[in-house]
Amino acid sequence: MKFLSLVLRSLFRSKRRTVLTVLSLAVSVFLIALLQSLLGTMDSLTVSGGSGTRLVVQDKASFTNVIPQSYANFLRSQPEIENFTAFQWFGGEYQDPRNFFANFAVEPETYLDVYREECNLPSIPPGQVRDFKRDGNACIVGQELADRFGWKLGDVVPLRSSIFNITLRLNVRIIFKGKRKSDEMYLAFNIRQLQEAVPWMKGRVGAFTVRARNAADIPRLCDRIDRNFANSAQETLSITENAFNLNMMKMLGDYSTMVHSITGAVLMAILIVTANTMAMAIRERTTQISTMRALGFRSSQILSLLMAEGLLLSLMGSGLGIVMAILAADVAAKVGGSILPWMADFIITGETLLLCVLITLALGLLSTFAPAYRASRRPITDGLRAL
Amino acid sequence: MTVFLLPLAPYLLWLVYAALFHPVPLAYNWRSIWVRKAGTLSTVGAIAIVVMIFVVVLSMAQGVSRAYVKSGRDDQVIVLRQNARVEMMSSVTLAQARLISTHPLVARDAYGPLFTEDIIVSKQLPLADGTGSLTVTVRGTTLAGARMRSQVSLTAGRWFRPGLSEAVVPQSMQRRYRGVELGGTITMGGRTWAVVGVFDGSGSVYDSEIWTEVADLRQAYKRYGMDSSVAVRLRSPEDVPAFVRDMEKDVRLKLEAKPEPTYFAELGDAGKPMQVLGQIITAILTVGAVFAAMNTMYAAVAGRTSEIGTLRAIGFRRREILASFQWEAILLTTLGGILGAALSLLFNGIKSGGVNMKTWSDVGYAFAVTPGLMAEGVVFSILMGIAGGFLPAWRASRIPVTEAMRG
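Residues numbered from 1 in each chain as written. Chains lettered and ligands numbered in written order. Predicted model: local features only at pLDDT ≥ 70, side-chain atom pairs only at ≥ 80, totals over all residues.

S.K.: Just checking my understanding: could you explain the overall build of chain B for this structure?
M.R.: Of the regular secondary structure elements, chain B holds 14 helices and 16 strands. For a compact globule of 407 residues, the expected C-alpha radius of gyration is about 22 Å, and chain B comes in at 29 Å, more than 25% above that figure. Dimensions of chain B, computed from C-alpha atoms along their principal axes, come out at roughly 95 × 50 × 35 Å. Going through the 407 residues of chain B one by one, you find that 52% of them count as buried. (Helix = DSSP H or I, 4+ residues; strand = E, 2+ residues; numbered from the N terminus. Rg over C-alpha atoms; globule rule 2.2 N^0.38 Å. Buried ≥ 20, exposed ≤ 12 C-beta atoms within 10 Å, placed from the backbone.)

S.K.: Is there a simple way to think about the overall build of chain A in this case?
M.R.: What chain A contains, in helices and strands, is 14 helices and 12 strands. Taken against the 2.2 N^0.38 rule, which gives 21 Å for 387 residues, the C-alpha radius of gyration of chain A at 30 Å runs more than 25% over that of a compact globule. Referenced to the eigenvectors of the C-alpha coordinate spread, the extents of chain A come out at roughly 95 × 45 × 35 Å. When the 387 residues of chain A are sorted by exposure, 44% land in the buried category. Put simply, 82% of the contacts in chain A that link residues at least 6 apart link residues at least 24 apart. (Contact = placed C-beta atoms within 7 Å.)

S.K.: Please explain the pairing of strand S6 (residues 138-142) of chain A as it appears in this structure.
M.R.: Residue and element names in this part refer to chain A. S6 sits mainly inside the fold: five of its five residues count as buried. Side-chain alternation along S6 places Ala-138, Ile-140 and Gly-142 on one buried face and Cys-139 and Val-141 on a second face that is also buried. Pairing of S6 with strand S8 (residues 166-176), which is carried by five bridges, proceeds in the parallel orientation. Residue Val-141 lies in a different strand from S8, and its bridge partner there is Ile-175. (Pairing = 2+ DSSP bridges.)

S.K.: Teacher, can you tell me more about the sheet that holds strand S7 (residues 156-161) of chain A here?
M.R.: Remark on secondary structure: sheet strands pair via backbone hydrogen bonds, oriented parallel or antiparallel. All names here are of chain A. Taking strand neighbours across the sheet as the criterion, the 10 strands line up as S4-S7-S8-S6-S9-S5-S3-S11-S1-S12 in an open arrangement whose pairing is mixed. Pairing within the sheet leaves two strands with one partner each, and these edge strands are strand S4 (92-93) and strand S12 (236-240). Sheet analysis places strand S3 (residues 81-89) next to strand S5 (residues 102-106), joined by three bridges and oriented antiparallel. Bridged to Phe-87 within S5 is Val-106. Lying over the sheet, helix H8 (residues 218-228) contacts strand S1 (54-59), strand S11 (207-212) and S12, oriented at roughly 170° with respect to S12. (Axes fitted to C-alpha atoms, helices over the stretch in contact; angles between N-to-C directions.)

S.K.: Just checking my understanding: could you explain the packing of helix H10 (residues 255-284) of chain A against helix H10 (residues 272-303) of chain B for this structure?
M.R.: Geometrically, a packed helix pair is captured by the angle between its two axes and the distance between the axes. Remark: H10(A) packs on H10(B), axes separated minimally by 11 Å, with the N-to-C direction vectors making an angle of 15°. In this view, H10(A) runs roughly parallel relative to H10(B), as classed from their interaxial angle. Where H10(A) crosses over H10(B), the handedness of that crossing is left-handed. Across the interface between the two elements, Ile262(A), Val266(A), Val273(A), Thr277(A) and Met280(A) of H10(A) pack against Ile281(B), Leu285(B), Ala292(B), Asn295(B) and Ala299(B) of H10(B). Each residue belonging to the contact of H10(A) with H10(B) can be placed in one class, and the counts come to eight nonpolar, two polar and no charged. (Parallel < 35°, antiparallel > 145°, perpendicular 65-115°, else oblique. Left-handed = near helix turned anticlockwise from the far one by under 90°. Nonpolar A, V, L, I, M, F, W, Y, C, P; charged D, E, K, R; others polar.)

S.K.: Would you explain helix H8 (residues 240-249) of chain B in this entry?
M.R.: Structurally, the α-helix is built with 3.6 residues per turn, so residues lying three or four positions apart point the same way. Residues and elements named next belong to chain B. When H8 is considered as a whole, its buried residues turn out to be Val-240, Phe-243 and Met-247. Looking straight down H8, one finds that the buried residues subtend no more than 65° of arc, so they occupy a single side. Away from the buried face of H8 by more than 90 degrees, exposed residues Pro-241, Ala-242, Arg-245 and Lys-249 are located. Those residues of H8 hidden inside the fold are in contact with strand S1 (76-80) and strand S14 (256-259). (Arc of directions from axis to C-beta.)

S.K.: Got a minute to help me understand the nonpolar core in this structure?
M.R.: Residues Cys139(A), Val50(B), Ile53(B), Val55(B), Val79(B) and Ala293(B) are the most contacted members of the largest nonpolar core, which totals 228 residues. Looking at this core element by element, the count peaks at 19 residues for helix H3 (residues 37-69) of chain B. Aside from chain neighbours lying at most four places away, what touches Ala293(B) is Thr43(B), Ile47(B), Ala329(B), Leu332(B), Thr333(B), Met384(B), Gly385(B), Gly388(B) and Gly389(B). (Core = buried A, V, L, I, M, F, W, Y, C linked by C-beta atoms within 7 Å.)

S.K.: So what exactly am I meant to see when it comes to the interface of chain A and chain B here?
M.R.: Many descriptions give the size of an interface as the accessible area lost when the pieces come together. At the junction of the two partners, chain A supplies 35 residues and chain B supplies 38 residues. Elements supplying a minimum of two residues to the side of chain A that touches chain B: helix H2 (15-45), helix H9 (241-251) and H10 of chain A. It is H10(A) that contributes the most residues to the side of chain A that touches chain B, 12 residues altogether. In terms of residue class, the side of chain A that touches chain B is made up of 20 nonpolar, 11 polar and four charged.

S.K.: For this particular structure, what's the right way to read unusual backbone geometry?
M.R.: For residues that are not glycine, phi is negative in most cases, and the peptide bond is trans in most cases. Residues and elements named next belong to chain A. Phi angles above zero are rare outside glycine, and Gln-95 is one such case at about 65°. Here Gln-95 is to be found in the loop between S4 and S5. If you check the backbone angles, Asn-231 has positive phi at about 65° while not being a glycine. Note on placement: Asn-231 falls in the loop between H8 and S12. Residue Asn-231 is classed as exposed on the basis of its 7 C-beta neighbours within 10 Å.

S.K.: Help me understand the confidence of the model for chain B in this model?
M.R.: Parts of the model with low pLDDT should not have their predicted coordinates read in detail. Taken as a whole, chain B shows an average pLDDT of 87; of its residues, 98% reach a score of 70 or greater. Across the interfaces of the predicted complex, the ipTM metric reaches 0.78, alongside a pTM of 0.81. (pLDDT = per-residue confidence, 0-100.)

S.K.: Sorry if this is basic, but what is going on with the pairing of S5(A) here?
M.R.: Working note: regular strand, side chains alternate between the two faces of the sheet. Residues and elements named next belong to chain A. For S5, the tally of buried residues reaches four of five residues, placing the bulk of the element in the interior. Of the pairings in the sheet, the one linking S5 to strand S9 (residues 186-190) comprises five bridges and is parallel in character. Directly across from Ala-105, in S9, lies its bridge partner Phe-189.

S.K.: Could you clarify how one ought to interpret the environment of Lys133(A) in this entry?
M.R.: All names here are of chain A. Looking at the secondary structure, you find Lys-133 in helix H5 (residues 126-134). Judged by the 16 C-beta atoms lying within 10 Å of it, Lys-133 is partly exposed. Lys-133 sits 24 residues away from Glu-109 along the chain, and the two C-alpha atoms are 6.2 Å apart. Apart from the residues within four sequence positions on either side, Lys-133 is in contact with Pro-108 and Glu-109.

S.K.: Sorry if this is basic, but what is going on with the packing of helix H1 (residues 4-11) of chain A against helix H12 (residues 299-339) of chain A here?
M.R.: All names here are of chain A. Between H1 and H12, the least distance of the axes is 9 Å, while the angle of their chain directions is 65°. Note on packing geometry: the crossing formed by H1 with H12 is right-handed. Side by side, H1 and H12 meet where Leu-6, Val-7, Ser-10 and Leu-11 of the first sit next to Leu-305, Ala-308, Glu-309, Leu-312 and Leu-313 of the second. Among the residues making up the contact of H1 with H12, the classes are represented as seven nonpolar, one polar and one charged.

Following this line, the structure appears as structure tokens:
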């Protein structure tokens, strides 16, 4: 500790160089933190309040196909199933195709119960629940989504779907507040609206979401459902809701490979830059270091002083980068959330912070070790002669 | 890119002018770059990495849109239900399809009209690496359809025959998915389809589709009396507007016809998010790289104070010194840019895939590192040289002669 001021002094011997290196490190760490958190946020979305106890029953050939609603009869007879609801992706657009948000047709009788964690059922006034179940044109929307378009209870929302080539006029009956902003970014309405308007949807649904009484029953349940419909005209594929969400995320593309490759390349670049700075800083001080050793500093002490300097440099750089990233996360969540709904939950994750700490350590040590070791082992007479 | 280049153009022109007509010691700068090997290599390395990331990420976006651009022909038109946007969401009745096939503008070859009615369904296929499954497009088409898509050629086996539930699979899918090899079977629509042929779509979106016979697929999926879309080749590209008008105006049809290039360009927007992401990433990294270049150049100027003094003493003027060091910075970063662009070539042709959010199905593409993108990367590195080199070069030009000579 008593050498701290010495380390600081040496580090700021050339202020401009140190500042430029720190800034260069900071923007790179800033980028890494944002990209890694983007992945982390995407991962966290595959799991939600009740998703652990739910499974999705979809068509085996493709989740874009519809399955008979009569499959519900079999589900109803399974003792492990607590409740289930049907849904169909509507793909509706509000006013402009660019106003993208998720919207589904669901069964209002069971929907709220199956998704009670996500829509925070206990907090919804009973009057609203009753309106939602009674009104055939009712819809439920999340607070965040309602805020975005300025919807209030009782408003009429026209939704136009290019998949079904129809426009539905829906009444907002429930505005719910969820645990996460991204949970509030969707709209759901009565599936009978869709089944009455579109002939080929009659008696058909996109998929069932099933809530098991016990999470441990899910594998057995999936197996039994799929076996029951095996060899029928429409076989089913039952998977846990987390796996279903993971599949959906996978569709966004293989961003994780891309992010990890970029992180690796950027790390390489900042390692080179820091190593160069430290090499310059140490080379300039050859005489100084030899003088210190002549005064009685041991070479191990010199080595650790120089290493501390490198660590401090990388610490300042990544510290600044992380602070910038945390400040930018709010902006990213707001701007990104208006384009991609799930971005509304964007935060710098704990894993990212941990990764950044590791990066800092590795960067400081790796960049400084070689020149510092060489400097600490140099014969004193050599170094003094270099004057 | 041009947004940044335009305001800098006068300065760049002056630099070129100075290099040509003033005695700027460029050879001296070039040699100096190699005196400080470690510093030079580190800057070149850092800039090469940034330029490489820039070129590679944009080459992904380029690859996506190229897959779509390659798919269209400007004398072919695709006919959809109005407002359907994608084939999968569209429906055209068989009666309408017959009517379109007899349109006088439709071209013919030795076998008949170049007209095809297609049905699009999707199928979930397991990935070869076992990490899950993705949805791919299955196209029920006709042999005329296979002839019309001139990018597509059969590489093994044979085309499907009607009535036998047979499928042909693109070569590029074989590596990405499990169970689609020649002689394999695919289960869908309650039938088992034999894979009887392998085709090569030469990088178009057809490289991401399984093809079967349209009547077989219609029966399996119970789309009686319905097609998804109709595609025709016209006698010449000039006939397209007239044909499109007929499709919309004919009361028996009332369909939306789009020239294939337009249709695929709309789908190709899928590469946009990646492009934007790539630009944001590069913008951030560039700032870091500029700081690194600045560092190296400041060190260069500081280490050569007495040399600068000598140059001034033997008659070089301030602005010539400025130009000289600015050129040194540009040379340095351009080396990095060229190295980065060259490294990015390693990624050229790498196959990847992503799901198109408009069709919900997986589309394979290859990284397309084009000369244009590489040139853009190099221009980019020149910009970094200007940004990173100006302040150090300015400083070099301001050092008083007497002080500089003292060292």
